Amino acid sequence: MQIGREARSHLNNVLKSHDASIIEHRVGGWLPRDHDILRKWLDRKIAHVEHPSRRDEPLHPVIQEFQRFIETNPAIYMGFHQMFEQVPDKPPYSNDPTGKPQVRDYKLMLKLFNHAIGTAPAYEDDGLVGFPISAVLDWPMGTPAGIAMFCRPDVNEHFKKLFDVWSSFLTSEASCGVLNDGPGGWFGRPASEAMPDFANTYVCDPSAPHHGYKSWDDFFTRSFRPGVRPVFCPDDNDVINSACESTVYRISYGAQETDRFWLKGQPYSLAHMLNFDDFASHFAGGTVFQAFLAATKYHRWHAPVNGRIVRTVLVPGTYYAESPCEGFPSPDAAGPNQSQAFITSVAARALIFIEADNPAIGLMCFMAVGMAEVSTCEITVDPGDVVHKGDQIGSFHFGGSTHCLIFRPQTKVTFAPSVSIEADIKLNEAIAKVTAA
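Residues numbered from 1 in each chain as written. Predicted model: local features only at pLDDT ≥ 70, side-chain atom pairs only at ≥ 80, totals over all residues. Heavy atoms only, no water.

Visitor: So what's going on with unusual backbone geometry? Residues and values would help.
Guide: The phi dihedral of Cys233 falls on the positive side, at around 45°, and the residue is not glycine. Exposure remark for Cys233: the relative accessible area of 34% places this residue in the partly exposed category. Despite not being glycine, Glu422 shows a phi value in the positive range, around 75°. Positionally, Glu422 belongs in the loop between strand 13 (412-415) and strand 14 (424-425). Assessed through its relative accessible area of 38%, Glu422 is described here as partly exposed. (Buried < 20%, exposed > 50% of the residue type's maximum accessible area, 1.4 Å probe, protein only. Helix = DSSP H or I, 4+ residues; strand = E, 2+ residues; numbered from the N terminus.)

Visitor: Can you break down helix 5 (residues 106-116) residue by residue, with the values?
Guide: Listed as buried for helix 5 are Tyr106, Leu108, Met109, Leu110, Leu112, Phe113 and Ala116. In this structure Asp105 caps helix 5, since a side-chain oxygen of it lies 3.0 Å from the backbone nitrogen of Lys107. (Polar contact = N/O pair within 3.5 Å; in protein donor to acceptor, adjacent residues only side chain to side chain.)

Visitor: An account of the nonpolar core is needed here, citing residue identities and associated values.
Guide: With 61 residues, the main nonpolar core has Phe80, Met109, Phe113, Ile133, Phe159 and Trp216 as its most contacted residues. Elements supplying a minimum of two residues to this core: helix 2 (35-49), helix 3 (61-72), helix 4 (74-85), helix 5, helix 6 (132-136), helix 7 (144-150), helix 8 (153-170) and helix 11 (216-220). Contacts of Trp216, omitting those with residues within four sequence positions, involve Ala120, Pro121, Leu170, Ser175, Val178, Leu179, Trp186 and Phe398. Listed in part, the 36 residues of the second largest apolar core include Ala291, Ile352, Ile361 and Ala432. (Core = buried A, V, L, I, M, F, W, Y, C linked by side-chain atoms within 4.5 Å. Contact = heavy atoms within 4.5 Å.)

Visitor: Quick one: what's the story with the pattern of salt bridges, residue by residue and with numbers?
Guide: Evaluation of the coordinates by the stated rule reveals six salt bridges. Taking the shortest distance from any N to any O, the salt bridge between Asp164 and Lys160 comes out at 2.8 Å. With Asp164 and Lys160 both in helix 8 and four residues apart, the pair spans about one turn of that helix. When its relative accessible area of 38% is taken as the criterion, Lys160 is described as partly exposed. The partner of Glu245 in a salt bridge is Arg229, with the nearest N and O atoms 2.8 Å apart. (Salt bridge = Lys/Arg side-chain N within 4 Å of Asp/Glu carboxyl O.)

Visitor: Which residues make up the packing of helix 3 against helix 4, and what are the values?
Guide: Packing of helix 3 against helix 4 brings their axes to within 5 Å, and their N-to-C directions diverge by 100°. Considering their axes alone, helix 3 and helix 4 lie roughly perpendicular with respect to each other. Taking contact as the criterion, the partners of Phe66, Phe69, Ile70, Glu71 and Thr72 in helix 3 are, on helix 4, Pro74, Ile76, Tyr77 and Phe80. Tallied by class, the residues present in the contact of helix 3 with helix 4 amount to seven nonpolar, one polar and one charged. (Axes fitted to C-alpha atoms, helices over the stretch in contact; angles between N-to-C directions. Parallel < 35°, antiparallel > 145°, perpendicular 65-115°, else oblique. Nonpolar A, V, L, I, M, F, W, Y, C, P; charged D, E, K, R; others polar.)

Visitor: Break down the packing of aromatic side chains for me, with residues and values.
Guide: All chains considered together, the criterion is met by 29 aromatic pairs. When the ring of Phe66 is compared with that of Phe80, the centres are 6.2 Å apart and the planes differ by 75°; the resulting orientation is edge-to-face. With a gap of 14 residues between them, Phe66 in helix 3 and Phe80 in helix 4 connect regions that are remote in the sequence. Of the two residues examined, Phe66 and Phe80, each falls in the buried class. (Phe/Tyr/Trp six-rings, centres within 6.5 Å; stacked < 30°, edge-to-face > 60°.)

Visitor: Residue-level account of the environment of Gln392, with values.
Guide: Looking at where Gln392 falls in the secondary structure, it is placed in strand 11 (residues 392-396). With 13 residues separating them along the chain, Gln392 and Ile379 place their C-alpha atoms 9.3 Å apart. Look past the residues within four positions of Gln392 in its chain and what remains in contact with it is Arg300, Trp301, His302, Thr380 and Val381. Within polar-contact distance, the side chain of Gln392 engages the side chain of Arg300 at 2.9 Å.

Visitor: Lay out the environment of Lys297 in plain terms, naming residues and giving numbers.
Guide: The topology assignment puts Lys297 in the loop between strand 4 (287-293) and strand 5 (300-302). Sequence spacing of Lys297 and Cys244 is 53 residues, and the spatial spacing of their C-alpha atoms is 9.7 Å. Not counting the four nearest positions on each side in its chain, Lys297 is found in contact with Tyr202, Arg222 and Glu245.

Visitor: Explain the sheet that holds strand 9 (residues 377-379) residue by residue, including any values.
Guide: Strand order in this open sheet of three strands is 5-11-9, and the pairing throughout is antiparallel. Only two strands of the sheet have a single neighbouring strand rather than two, namely strand 5 and strand 9. Within the sheet, the average angular offset between the axes of one strand and its neighbour, ignoring direction, is 20°. (Pairing = 2+ DSSP bridges.)

Visitor: Pulling in residues and values, what's your account of the pairing of strand 7 (residues 349-356)?
Guide: Counting buried positions along strand 7 yields seven of eight residues, so the element is predominantly enclosed. By the bridge criterion, eight bridges tie strand 6 (residues 307-315) to strand 7 in an arrangement that is antiparallel. Bridge pairing in strand 7 places Arg308 opposite Glu355.

As structure tokens, this is what we get:
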């Protein structure tokens, strides 16, 4: 049995009832719902990389390697042509306002990647474009060729190399250029309206350059000030707390050990989610709680229960795969956003198995899932560590993110009435209670 609505009906319904430029299923604030904003943003990036003064600039070695990989493998070469050819030639997919197609070939795609890996995301006044590479791949991700390419391990290996270079930049002082109060700055008026009372909420020094942050990644992984997110019911082992500052995506009971996760409805397939870990069978028929993290929010993970870390696993996976049922003719315009249940089985992710002090909970699993871009999952606990509710257990680094709490079928979980689909839940708040079986 599943609680909550399934993925929204996509662009065909949008075209019937709203302006065609409004993409209703872009969630989390990473891409603007108004496609005109994204299109204009992409126009500016294309104009930058195609400026006569830059046309002959050499690509970064990691991009050159990606290009050789595409051009020397016939199947990849075909796929990276077809993913653009299969995008429909009709609005809003086809042209920009001047009638000129936007990204329609892999060479322009690579030029835009080359620009992206040397920049930090700015805060856009008219709509945040926090996924620059997802913006480039916006429609190709929904084509049959795009789905096939982005599920290939060898393609994802090249994205991983690209992201390693980008990550090096984002962790450097050079990435601080957008940490200011100027246009596009993360401390300017528009960003401050999206993140009110920032200085009193997060650890920072407003009097220091860049608010005291040493890099974009340092800003992205910022900590709450002490007391901002108190731990609810710290000693009540019957209460499960929120592990992340997030928005509820789905709650499912009776999740199957294996299921066809690529079909409409995107059922959870626990063996795939847990990477066929020995513990996977313990959760067959159990409960999955999933919630996603927004662009302007907090990106660290904290223990939802009191207990002991049993096992931690980092699982490599995809970065831009989306569910086939979200592709054309009604694509998920935000890539993995509306494929969040699907990507729990295929995307790069981290597993933290916790043996709760409460035997009515027993073994549970926290799963962090990278949704796009760098998607780094950092685990900060080790097997054998004792954790208390609210203790940090890891964090996301730049990229979209979603997470799951997975319980065994013997764990009788009742979620609070406030924990409904699309409800915003704060870190460390009580979200569920467990009763003895």
